[in-house]
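# What the coordinates show
The lines below spell out each chain.
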Amino acid sequence: MNGKPISFLAAVAMAAMSAGGATAQDITLGIIAPMSGQLAGEGKDLENAIKLAVSKLNAAGGIAGKKITTVTADDACDPQQAAAAASKLVSSNVTAVVGGYCSGAVLPTLRIYGDARVPFVIVGANSTRLVEANPGNAFLVNSTGDAQAVTAIELFGKKGFKTLAIVDEGDAYSADLSRLIAGGFEKAGGKVVAKDTVATGEQDFSALVSRIRAAKPDAVLWTAYHGGGALLTRQLRQAGFTGAIVLGDGNNSPEYLKIAGSASEGVYLFSPPVLEFLPDAKNFQTEYKSASNRDPGAYAALAFDAANVAGDAISRAGSTNGTEIIKALKATNYKGLAGVVQFTDKNTLAGSNFATLQAKAGRWTLAQ
């Protein structure tokens, strides 16, 4: 937070507002997340963490003495529903929007928020297509797919993988990640021996598994979300595939481990910062569970940080004007649970936040 606690910043903003040049508008954070559908659990995790951040800000006096309220819109990780949800938030006169899990759903909302000059702090979605389409008002607190590709190539080199099979679902997130990792792997001297795109919601991977086994890759990379990833993992192991299985960051969910069961043993996962490995997260975990009656998920820390980054920018802007808040976001230097948040000139997170995990005995551990 630029080295100053938010209470101090709120006082500065209050003085600025008293001096004029700022509106008396209430502060409302819009929350956009998948509240229904296959990824509703992840959406609820984002909403809970954002609301916890807001409750703590309000307990500390709000921003410039103003209470922050929230309104949640369900994008269902569906592009059409996401566009309608974004329009709903804009028409509700939100001060800023925090959230976004699926890149494919976030993509069509960028122009809607951009045209309205509504600042948007994106929590999980990280396709490089978002960077290309960003009209300048959106900021990503999760590292983008190209940073994840670097992490992947480092793992493949360390493990000596020479051949790779890649599977995605053709959406903005998984197709982008497949492209980036395939390109990086081949540039490093590896060979992609199989490349497949499956339908979202597919459950029978028998034909795909047969093709993969025939190609004999050192590793299989799944870049889509945890539902398909867990089923593919099980079916690969049941068919006798003994090579490595590697997952994109959309698979960091307790549901993956539950569905994959013992087949998950030894599977690698690229992940955003995980709470149990973050030194300052113990109190947050306790507070989250107390407020939500559930354990925080993989993106809770990023969602909590994203809400605080938005609050910090509103406070420093001394205004609820979107253009002023966007300027403040560009100058962000916030120390959050998941690390320091600063943005590049493309509004992406400066530096990579990815870690490589490995499933052992039904839990994710830091890969050695």
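Please refer to the structure placed before this passage.
The following paragraphs examine the structure supplied in this document. (Residues numbered from 1 in each chain as written. Predicted model: local features only at pLDDT ≥ 70, side-chain atom pairs only at ≥ 80, totals over all residues. Heavy atoms only, no water.)

### A closer look at the sheet that holds strand β7 (residues 191-197)
So the rule is basically this: Here the rule is simple: two strands pair whenever DSSP picks up at least two bridges between them. Only runs of H or I of at least four residues qualify as helices and only runs of E of at least two qualify as strands under DSSP, and these elements are numbered from the N terminus. Orientation is described by lines fitted to C-alpha atoms, with helices fitted over the stretch in contact, and by angles between N-to-C directions that extend from 0 to 180 degrees. Residues count as neighbours in contact if any of their non-hydrogen atoms are within 4.5 Å of one another.
Taken in spatial order, the seven strands make up an open sheet running β7-β6-β8-β9-β10-β13-β14, and their pairing is mixed. This sheet does not close on itself; its edge strands, each paired only once, are β7 and β14 (363-366). The sheet shows a mean angle of 25° between the axes of neighbouring strands, direction not considered. With four bridges joining them, strand β10 (residues 268-271) and strand β13 (residues 355-360) adopt antiparallel strand pairing. Paired with Phe270 across the bridge in β13 is Thr356. Relative to strand β6 (residues 163-168), helix α8 (residues 172-187) is tilted by about 170°, and along the sheet it contacts β6, β7 and β8 (219-222). Taken strand by strand, helix α9 (residues 206-215) contacts β6, β7 and β8, and its axis lies near 175° from that of β7.

### Points about the state of the cysteines
Short version of the rule: Only a pair of cysteine sulfur atoms within 2.5 Å qualifies as a disulfide here. Relative accessibility under 20% of the residue-type maximum defines a buried residue, over 50% an exposed one, and the middle range a partly exposed one, all with a 1.4 Å probe and only protein chains included.
In total, this model carries one disulfide according to the counting rule given. What pairs with Cys77 in a disulfide is Cys102, and their sulfur atoms sit 1.8 Å apart. The disulfide joining Cys77 to Cys102 has a torsion of about 75° about its S-S bond and is therefore right-handed. Of this pair, Cys77 sits in the loop between β2 (68-74) and α3 (79-91) while Cys102 sits in the loop between β3 (96-99) and α4 (103-106); the two residues are 25 residues apart in sequence, bridging distant segments of the chain. Overall, Cys102 belongs to the buried group, its relative accessible area being 3%.

### Some thoughts on the packing of helix α2 (residues 40-59) against helix α13 (residues 300-317)
When two helices pack together, their arrangement is given by the angle between the helix axes and the distance between those axes. For the record, the criterion: By the definition adopted for this analysis, an angle is roughly parallel if under 35 degrees, roughly antiparallel if over 145, roughly perpendicular if from 65 to 115, and oblique otherwise. Each crossing is labelled by how the near helix is turned from the far one, with a counterclockwise turn of less than a right angle marking it left-handed and a clockwise turn marking it right-handed.
Contact geometry of α2 with α13 gives a least axis separation of 8 Å together with a crossing angle of 40°. Classified by the angle their axes make, α2 and α13 are oblique. Every pair of crossing elements has a handedness; the one defined by α2 and α13 is right-handed. Along its contact with α2, which presents Asp45, Leu46, Ala49, Ile50, Leu52, Ala53, Lys56 and Leu57, the element α13 presents Ala300, Ala303, Phe304, Ala307 and Asn308.

### A few points about the packing of aromatic side chains
Here is the rule we go by: Two aromatic rings from Phe, Tyr or Trp, using only the six-membered ring of Trp, form a pair when their centres are within 6.5 Å; if the ring planes differ by under 30 degrees the pair is stacked, by over 60 it is edge-to-face, and anything between is tilted.
A complete count under the given rule lists 11 aromatic pairs for this structure. With centroids separated by 5.2 Å and ring planes inclined at 90°, the aromatic side chains of Tyr101 and Tyr299 adopt a geometry described as edge-to-face. Of the two residues, Tyr101 is situated in the loop between β3 and α4 and Tyr299 in the loop between α12 (282-292) and α13; the sequence distance between them amounts to 198 residues. Taking the relative accessible area as the measure of exposure, Tyr101 reaches 4% and is therefore buried. By relative accessible area, which is 3% here, Tyr299 ends up buried. Relative to Tyr225, the ring of Tyr173 lies with its centre 5.0 Å away and its plane at 35°, an arrangement referred to as tilted.

### Comments concerning the layout of surface pockets
Applied cut-off: Cavity means a closed set of points on a 1 Å grid over the protein atoms alone, one where a 1.4 Å probe fits but cannot get out, pocket means an open set with protein on both sides within 12 Å along at least 5 of 7 lines, and lining means a residue has an atom within 4 Å of a point. Grid points are joined across faces, edges and corners, and a volume is the space filled by probe spheres set on the points. Throughout this entry, Asp, Glu, Lys and Arg are counted as charged residues, while Ala, Val, Leu, Ile, Met, Phe, Trp, Tyr, Cys and Pro are counted as nonpolar. The remaining residues, Gly among them, count as polar.
Here the largest pocket is characterised by a volume of approximately 690 Å³. Contributing to the lining of the largest pocket are 28 residues, with Asn252, Pro254, Pro296, Gly297 and Ala298 lying nearest its centre. Within the residue set of the lining of the largest pocket, elements represented by two or more residues are α2, α11 (254-260) and β14. Ranked by residue count, the leading element in the lining of the largest pocket is α2, at five residues. Tallied by class, residues from the lining of the largest pocket come to 13 nonpolar, eight polar and seven charged.

### Observations regarding empty space enclosed by the protein
Evaluation of the coordinates by the stated rule reveals one cavity of 30 Å³ or more. Estimated volume of the largest cavity: approximately 60 Å³. A breakdown of the residues in the lining of the largest cavity according to their chemical character gives five nonpolar, four polar and one charged.

### Quick word on the nonpolar core
For clarity, the cut-off: For our purposes a nonpolar core is just a set of buried Ala, Val, Leu, Ile, Met, Phe, Trp, Tyr and Cys residues, chained together by side-chain atoms within 4.5 Å.
Ranked by size, the top nonpolar core spans 74 residues in total, and within it Leu29, Val98, Phe156, Leu164, Ile181, Val246 and Phe284 carry the most contacts. Top contributing element to this core by residue count: α13, with 11 residues. Those residues in contact with Leu164 that sit more than four places away from it in its chain are Phe156, Ile181, Phe185, Lys191, Val192, Val193, Ala194, Pro217, Ala219 and Leu221. In this structure, Ile212, Ala224, Leu232 and Leu357 belong to the second largest nonpolar core, which totals 27 residues.

### Description of the sheet that holds strand β4 (residues 120-122)
Paired through their backbone hydrogen bonds, the strands of a sheet run either parallel or antiparallel. Reading across from one edge, β2-β1-β3-β4-β5 is the order of the five strands in this open sheet, with parallel pairing throughout. Each end of this open sheet is capped by a strand with a single partner; those strands are β2 and β5 (138-140). Taken over all neighbouring pairs, the strand axes of this sheet differ in orientation by 20° on average, direction set aside. In this structure, strand β1 (residues 27-33) lies alongside β2, joined through seven bridges in parallel fashion. Residue Thr28 lies in a different strand from β2, and its bridge partner there is Thr69.

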